[in-house]
Structures are given as C-alpha cells and as structure tokens.
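Analysis of the macromolecular model
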Amino acid sequence: MPDDRDPAMPHVNRLEASGSNDVVQARDVHGGVHFHRAAEAAFAVTPSQLPGDVRGFVNRHAELATLTSVAEERHDDALAAAVTVITGTAGVGKTSLALHWAHSVRDRFPDGQLYVNLRGYDPGQPAIPEEVLDRFLRDLGVPGSVIPLRLDERASLYRSLLATRRMLIVLDNAATPGQIRPLLPGTVGCLVLVTSRSHLSGLVARDGAYRLGLDILLEDDAVALLGTVTARYRGHDQRHELVELARLCARLPLALRIAAERAASRPMLRLDELIADLRDESALWDALTSEGGDDADAVRTVFAWSYRALPEPAARLFRLLGLHPGNEFGAPAAAALAAVSAAQARQQLDVLIGAHLLEQPAPGRYEFHDLLRAYAVDQVRHLESAETRAEVSERILSWYLHSADAAAARIAVFDRYELTGALPADVAPAVFDGHETALRWYQAENSNLVLGTRAAADAGLHSIAWRLAAVLRGIYIHQNAFDDWLATSRIGVDSAERDGDRRGQAEALESLGRAYFQSRRIDEAETSHRAALAMRQSVGDRFGEAVSLNTLGLIGLRRRRLDEARTYFEQAGVIFAELGDRRWEALIRSNLAETLLEVQQPRDAADILADVVTVFRELGDRASEGNALFHSSWAQRELGNLDTARALIDEALHIAEEEEAQVWQAHWLVELGAVQRAAGQLADALVAYQRAAAIQRQLGDRSREAYALDGAGQAYEEMGRAEDAIDFYRTAAATHRDQNDRWHLAQTLYRLGQAADDTRSLQQALDLLAEFDDPRAAALHAAVIEALPDR
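Bear in mind the structure is a predicted one, so any value in this text is a computation, not a measurement.

**Looking at the overall build of the chain**
Looking only at helices and strands, the chain has 35 helices and 8 strands in total. Taking 791 residues into account, the globule formula puts the C-alpha radius of gyration at 28 Å, and the chain, at 31 Å, falls close to it. Projected onto its principal axes, the C-alpha positions of the chain cover 100 × 65 × 40 Å. Counting all 791 residues of the chain, 57% fall into the buried class. For the chain, the share of sequence-separated contacts (at least 6 apart) that also reach a separation of at least 24 residues comes to 69%. Surface accessibility of the chain: about 32000 Å² in total, with carbon and sulfur atoms responsible for 47%. Positive and negative side-chain charges in the chain, numbering 84 and 116 respectively, have mean positions lying 2 Å apart.

This is the structure:
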C-alpha cells in the first residue's frame, strides 16, 4: 500500500487518546464488532479560547443588556445562528465589550468558545477564511489530514460540526463580510459576535445580523474609567482635571487606559502638569487629521505622549517591534529583534504592558492592538535609518530560520533540510530539549513562520525565504498543515529563482512537490518533482537527484505504474550506493521491496527486507525499521509462513507502542488482521481491523480507514456473515471512490460483487482494472471475468 506521506520518514502523530476505549476483545464477538463509537467521539473537543476579561471594565450597561436581549431573541429563531456585529471607531472599546459580555454568558454555551483576531485593520496581512477555518477545525479536534483544501468544503465541514452544538464564536477585528460569511454556523444553537470598524451593511442585510453601534464613553463613564485605573495610586485629583484629561483622550477607552496608566505611574506629579504635557503633544500632532479627524488625532496624541515617557530601551523595543512579521510574538523573538538578552527583553516588555502599549493574551506571549502596531511601524520608519531597519529585519528573520531549523532537528530527526554555513554572529536561536518543546514552539509561532517567509521575500532576503521554506518542510510533513506548507513553498520557489540559486529552487520545488503529494494532488506533485530532478541534474547534485528519483518512484507506486516505479528506485539506489549513504540506500531498497510485493514477487522482497531491517535497527531509525517489518510480514504471509509473519508484525507493533506512534500502529494493524485471517483467527482479525479503523478515524486518514473496513468485510465474509461483509465493502468502496483510489476501489468492488452477487459492481471493477497491467491486476482481472455470470 503506497503511502501518500513523506517518502523518507513515516508520519508521526502523538495523541493523548489511544483509541483503546473503542476496542472490544475477541471473546466479546457475537453479534459483531461495532465501528461507530470512534466516529462519534473523533471530534469530541471543547475549545475554550476567549482571551482574558478586561480589567476595570466600566459601565456600558445599556450595550451589555442589548447584547443579552438580542442573543435571547435570536435563540428563538430556529432558522439560523444568531449574529451580532459591534461597530464603532478605532479604540472605542469594541473588543473589550465583546469579551466582557462573552465571559458573562460563556456558561450558556457548554460546547465551548472559539475566538480569532481577523486582523482586518492590521498593517500586515489580514486573516483569510481558509486560514481561520483550518485553525477552527483543528481546534474542534479535526486532524489536519482530513481538513479539505477548498474553502467551501472547509466551511461545510465546519457547519456540520457545529450543527448540533451550542457554541460562542467571537470574530474580532473584521474588515469585510467576505471575511466573516464562511465562518458562520448554519443552524441555531451557536452565537456569533463580530467586532468591526465597518458597518458591515451587507452582513446585516443579507445575513440578518444585528448591528450594535458603540459610541465614545459618556463623560461620567470616561471619568470613572480614569478613576478605576488611578484610584490606588492617586487620591488628590480633581474632577475637572479628570474631565479635561478625558476630553483630550476623546473619551475613547484605549486612549483613556493609556493616559490613566501614565498618571498612575507618576503619583507625585500633579495631574494638571500631565495634562499640560498632553496638550503640548496634541499641538505637535497633525499627521492623521485628514484621515481620522478628532478621534484619530486624540488616540495618536495619547500614543505619542505615552511613548515619549518610556525609558529609551523600552521605547526602542516598541518601535523595533513594528518590524516583527506578525502582531503576536514571544519574549525570545523580541530579544532577538532588539539584540538584547531574554531577561532584558522581558523587563522591557513588562514596561510596555504596564503602559498599555502591548497586551499579554497568554503567559509568555505578547500582542499589539492594531492601532498601536501601526504607530510602532510609523515610529520605526521615522526614527531608525533604512540601514538599521534592514539589519533588524534580517536579524529577526534569521532568528526564525535558525530556530525553525532547531525545531525541525527535534521533530523530524531523519528527514530535514540541514542549514549549512555559519550561524550569524548576532543570532542566538531557540534551543529545544526534545520533541514536545520543539512542537509547542512551532504551534505558537506557526503564523509568524509563514508571515516571516513572506516578509523575507518582500524585503529581498530571498536566501532566507527559500531556506525557511525548505526547513519548515520537515515539520509540515508531520502536521499536514497544507495551507502553510503550500504558501511557504510557493514563496520559496519564487525567492530561489530571484536569488539565482538553482539548488535552492530544487529544494523549494521538492517542498512544494511533497506538499502536493501528501495532500493527494498527484499531478501537481509529479510536475514539481520532475522540475526538481531537472534542476538537481543540471547542477550535479547527486544526492538531491537520488531523492527526486525516489519520490518519482513513490508517485509511480501510488499510481500503480509499477515498472516505472521500479526503474526510479533502482536508479536512486545506484546513486545512494555510490554516495555511501546507508540509510537512504536502505529506504530505496525498502521501497523497491514494496514494488516487488505488488508484482507478486514475495521471495525477492523478503530477501531484501531481511537486510534492510538490520540496517535501520543499527541506525536507530525506528520508524523505517517498523515499516520494513510490516512489509516483511506481508512477504512472509504471501509465502505461507504465517508464524514468521505474525512474529514480524508483532515486532513492528511493539515499536509503534514504544514510540507512541498511532499512525504506524493503525497502518500495521491491518497487516496483523490479514495474518490472523490467513491463520483462521477471524474474531481476532476483526478486533485488529476495528482498532485500525478507530484510530484512522481519529487521525482523519480516510483511505487507510477504508483499508481496515475492507479487511473487516473479508473477515465477516469468511465467517459466513455475508450481510455484514456487504455493509463494510460498501462503506470502503464509497471512501475509495471519494479518494479516487481506483486500484483499491476495484478490489473492493470485486469482493462486493462476489458477496452480494452484484453484477454491476463486478462490471465496474472490470472497467477499472483495464487501467492496470501488472501481475496482481491481471490475476484480479481473471477472477472478475470468472465471477461475471455471462462470461
């Protein structure tokens, strides 16, 4: 069974759940093994994603009551999910209101809350619906391998998952209805809360959203907000002074909080002196008058007033953060950006948090309000030279490149693009002590890694851009993060071409080809890998040439062009033998053995695999060792050596258990079932197939789930339970058809036709087999001909 995943390293996905709760023992098999509980529980995840509530929230009683009233009224509408849009000018407190209300009603939504910042007005790239749906689906427990590529299919799956749930979805900082519509549930039970500076009239008119306009605070409320923040530090301020300070802040909560924090941090300075400073700042500020009017002037004035009061190290970090590729980041990235120690960076970040110039959505993570990020960008452009900006950008992007390389070394030990050359003197990348810490870093930084790749290309740092795409390949292989993988690979291809680096082009093309291959876009994968092969041959890259030949062999195996696959594997094997690369030579021989098994030459395959297992064991490559044992079991089973086959597959499954690798376990359990069926242990085989199907459903690998279902059908048929067999064959056939897996579909249709005495299924199998000309296909073709009643 050819694998659509990476050709060099079996996919690893460590999960907390083992799937064992869905397993029944052989002694319990009477009425049948039930495969349904795993399907129901596969996406049983309750996200809780609301950022923290706002400290010192003041008033807005009428707006809060309106939100509650609208939510209750809309819940009675059985036709659609309730959608409320909070609109208002920048800094008026839309997000604070939304989060404060959401926290107050979260208990009404027992199935959880989803939150996303759509970055609609951020200086960088806004979030797109495809990106958000990918994240939401993963957060709901959908494995990456089952997430569709097309937007409409993702939206459909999302709506299906929410159809019977009561969830609260907060879509913050939306710019257009187009950002929002694919994220709306389709049925009642969920509530969607949107914040936007736009009126989003289309969403109101077409989608029935309720719009709540948010105005600036009333004078008394603005004064109360100032007092809430300053009360513990200042007890002598006069009301008329607070009124004047509120006026200068345009009674906008964002500006009020920043001004109040500055007043609180200087308790011995009279408020009228602070107000005089703010008036002076206001007189100097006129940059945004034409765009934003008085409100924008007031906000930017307060930003400048607070920024100028910062200690210089914190002020420098604030403006340099305007060069960070994303609006959210960790302390190590900030340290790398400013070329300071981690301790110094945390100290300066604490100053910025205290001044309300940054937010802290989670421990160790920091985030800009979009207005403040725009201000930071403006300051760095005005106060730092072009040379300094270029130096800082290259330093932070190099930090991401080398940190990603360090993470890949832990996540993808045997399959990674290794950076060459000396580490830049001013870059100290992240260090990881194991797989889990590296994976957590990637999960926190994955958005910045994509944005960083794009930023490197936009800045003309093409060498960093294509290398970042190549390094990330080893991580993406294990995450099925196809959107990010394809995006970075395409940027990498373009940057390597602009850089004039043909080796780099080949690496980027390989990344792109692997992303296509793993996402089952085989035509595009073949095009990319053929282009990479040509590049590598043109520059004399023998190692890369052999890697490309191997991948083209796997594509041939996937398409069941077995002679072609064998030729590619043999060519790659010769090169790796010349290079003396034992691991790659063993991988090629393992792939060649699989090809021999497909053409019914199990003896030759078994001879190869016996040597290959030894090599992988000596190298400590557990994944490849287990896969070779799996193929060895297949070979021995076909030779009739069932005891040997059983020992080999048990050894493979022991490796999967030790490594906590459910992907390997689920795939290899199907072979265990086949060995048990061959030995007449039909009840045990059903348990193996059930375990495989349950885990594959959790992992989202529909093709491999269908292999297990087909095996269960065979076991039932051999038990004399034709009706059960037919049900499983039909389910497997439907999946093979959906996946366009024509070879496995032909096999299952033949079995279905036999079990159900269904001429139509047999004829369909015969039509499909016309595409294949190998010995196994020829034997199946003859069997179908014999089974057809009119032949």
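Continuing now.
**Here we look at the packing of helix 23 (residues 542-558) against helix 24 (residues 562-579)**
Contact pair helix 23 / helix 24: the axes reach a minimum separation of 8 Å and the direction vectors enclose 160°. It follows from the interaxial angle that helix 23 and helix 24 lie roughly antiparallel. Two packed elements cross with a definite hand, and for helix 23 against helix 24 that hand is left-handed. Facing Arg542, Phe543, Glu545, Ala546, Val547, Leu549, Asn550, Leu552, Gly553, Leu554, Gly556 and Leu557 of helix 23, the residues of helix 24 in contact are Leu562, Glu564, Ala565, Tyr568, Phe569, Gln571, Ala572, Ile575, Phe576, Glu578 and Leu579. Here the residues of the contact of helix 23 with helix 24 sort into 15 nonpolar, 4 polar and 4 charged.

**A closer look at the packing of helix 29 (residues 662-678) against helix 30 (residues 682-699)**
Where helix 29 contacts helix 30, the two axes come as close as 8 Å, and the packing angle between them is 160°. Looking at the two axes, helix 29 sits roughly antiparallel to helix 30. Considering only the axes of helix 29 and helix 30, their crossing is left-handed. Residues Gln662, Val663, Gln665, Ala666, His667, Leu669, Val670, Leu672, Gly673, Ala674, Gln676 and Arg677 of helix 29 pack against Leu682, Asp684, Ala685, Ala688, Tyr689, Arg691, Ala692, Ile695, Gln696, Gln698 and Leu699 of helix 30.

**Some words on unusual backbone geometry**
In this structure, Ala250 is a non-glycine residue whose phi angle is positive, near 60°. One can find Ala250 in the loop between helix 9 (239-248) and helix 10 (253-264). A relative accessible area of 12% places Ala250 in the buried class. For Glu660, which is not glycine, the phi dihedral falls at a positive 55°. Looking at where Glu660 falls in the secondary structure, it is placed in the loop between helix 28 (642-658) and helix 29.

**Focus: the packing of aromatic side chains**
Throughout the structure, instances matching the rule amount to 22 aromatic pairs. A centroid spacing of 5.7 Å and a plane angle of 75° characterise the contact between Phe318 and Phe368, whose relative ring orientation is edge-to-face. On the criterion of sequence distance, the pair formed by Phe318 in helix 13 (residues 312-320) and Phe368 in the loop between strand 8 (365-367) and helix 16 (370-383) is long-range, its members being 50 residues apart. Both residues of the pair, Phe318 and Phe368, belong to the buried class.

**A short note on the pattern of salt bridges**
Considering all chains together, one arrives at 64 salt bridges under this definition. Two residues, Arg319 and Glu312, come together in a salt bridge whose shortest N-O distance is 3.0 Å. The class for Arg319 is buried, based on a relative accessible area of 9%. One continuous salt-bridge network, built from bridges that share partners, spans Asp415, Arg473, Arg503, Glu507, Glu510, Arg514, Arg536 and Asp541.

**A word on the environment of Leu118**
Within the element layout of this structure, Leu118 appears in the loop between strand 2 (113-117) and helix 4 (129-139). Judged by relative accessible area, Leu118 falls into the buried class, the value being 0%. When neighbours within four sequence positions are excluded, Leu118 is seen to be in contact with Pro126, Ala127, Val132, Leu171, Asp172, Asn173, Ala174, Gln179 and Leu183.

**Some points on helix 33 (residues 742-756)**
A rise of 1.5 Å per residue sets the reference length of helix 33, with its 15 residues, at 21 Å; its end C-alpha atoms lie 20 Å apart and thus fit the reference within 8%. The element helix 33 is extensively covered by neighbouring structure, given that 11 of its 15 residues are classed as buried. Along helix 33, the residues classified as buried are Trp743, His744, Leu745, Ala746, Gln747, Thr748, Leu749, Tyr750, Leu752, Gly753 and Ala755. In this fold, the buried residues of helix 33 make contact with helix 31 (702-718), helix 32 (722-738), helix 34 (759-769) and helix 35 (775-787). Downstream of helix 33 by one or two residues, Asp757 has phi in the positive range, about 55°.

**Some thoughts on the nonpolar core**
Counting 223 residues, the largest nonpolar core has Leu321 and Trp441 as the members making the most contacts within it. Ranked by size, the runner-up nonpolar core spans 30 residues in total, among them Leu118, Leu137, Leu162 and Ala209.

**Topic: the sheet that holds strand 5 (residues 210-213)**
Read from one edge to the other, the open sheet built from 5 strands follows the order 2-3-4-1-5, with strand pairing classed as parallel. Looking along the sheet, the strands with just one partner apiece sit at the ends: strand 2 and strand 5. Pairs of neighbouring strands in the sheet enclose a mean axial angle of 15°, with direction left out of account. Relative to the sheet, helix 3 (residues 94-105) contacts strand 1 (82-87), strand 2, strand 3 (168-174), strand 4 (191-196) and strand 5, its axis offset from that of strand 4 by approximately 165°. Contacts from helix 4 reach strand 2 and strand 3, with the element oriented near 155° to strand 2.

**Re the pairing of strand 1**
Looking along a regular strand, one sees the side chains alternate between the two faces of the sheet. Counting buried positions along strand 1 yields 6 of 6 residues, so the element is predominantly enclosed. Where burial is concerned, the two faces of strand 1 agree: the one with Ala82, Thr84 and Ile86 and the one with Val83, Val85 and Thr87 are both buried. In this sheet, strand 4 lies alongside strand 1 in parallel orientation, the contact comprising 6 bridges. Across the sheet, the residue bridging to Val85 is Val194, located in strand 4. Here strand 1 runs beside strand 5; their pairing, made up of 4 bridges, is parallel.

**Some words on the sheet that holds strand 6 (residues 328-330)**
Reading across the sheet, the 3 strands line up as 6-8-7 and stay open at both edges, with antiparallel pairing between neighbours. The sheet is open, and its two edges are formed by strand 6 and strand 7 (359-362), each paired on a single side. In this sheet, neighbouring strand axes are inclined to one another by 40° on average, regardless of whether the strands run parallel or antiparallel. By the bridge criterion, 3 bridges tie strand 6 to strand 8 in an arrangement that is antiparallel. What sits directly across from Phe329, in strand 8, is Tyr366. The sheet strands contacting helix 14 (residues 331-338) are strand 6 and strand 8, and the helix crosses strand 6 at an angle near 90°. Taken strand by strand, helix 18 (residues 435-458) contacts strand 6 and strand 8, and its axis lies near 130° from that of strand 6.

**A short note on the confidence of the model for the chain**
Per-residue confidence for the chain averages 88 on the pLDDT scale, and 91% of its residues sit at or above 70. Segment residues 1-43: pLDDT under 50, and 119 contacts once partners within four positions in sequence are set aside and those in other chains are kept. Every residue in residues 285-293 is under pLDDT 50, and counting partners more than four places away or in other chains gives 10 contacts.

**Focus on the side chain of Gln518**
Residue position: Gln518 is located in helix 21 (residues 502-518). Within the structure, Gln518 has its side chain in polar contact with the backbone oxygen of Ile477 (distance 2.7 Å).

**Here we look at the environment of Val380**
Here Val380 is to be found in helix 16. On a C-alpha basis, the gap between Val380 and Arg319 in space is 4.9 Å, while along the polypeptide they are 61 residues apart. The residues contacting Val380, other than those within four sequence positions of it, are Arg319, Leu320, Leu323 and Arg389.

What counts as what
Residues numbered from 1 in each chain as written. Predicted model: local features only at pLDDT ≥ 70, side-chain atom pairs only at ≥ 80, totals over all residues. Heavy atoms only, no water. Helix = DSSP H or I, 4+ residues; strand = E, 2+ residues; numbered from the N terminus. Rg over C-alpha atoms; globule rule 2.2 N^0.38 Å. Buried < 20%, exposed > 50% of the residue type's maximum accessible area, 1.4 Å probe, protein only. Contact = heavy atoms within 4.5 Å. Areas by Shrake-Rupley, 256 points an atom, 1.4 Å probe, with all protein chains shown as cover. Lys, Arg positive; Asp, Glu negative; His and termini not counted. Charge placed at Lys NZ, Arg CZ, Asp CG, Glu CD. Axes fitted to C-alpha atoms, helices over the stretch in contact; angles between N-to-C directions. Parallel < 35°, antiparallel > 145°, perpendicular 65-115°, else oblique. Left-handed = near helix turned anticlockwise from the far one by under 90°. Nonpolar A, V, L, I, M, F, W, Y, C, P; charged D, E, K, R; others polar. Phe/Tyr/Trp six-rings, centres within 6.5 Å; stacked < 30°, edge-to-face > 60°. Salt bridge = Lys/Arg side-chain N within 4 Å of Asp/Glu carboxyl O. Expected span 1.5 Å × (residues − 1). Core = buried A, V, L, I, M, F, W, Y, C linked by side-chain atoms within 4.5 Å. Pairing = 2+ DSSP bridges. pLDDT = per-residue confidence, 0-100. Polar contact = N/O pair within 3.5 Å; in protein donor to acceptor, adjacent residues only side chain to side chain.

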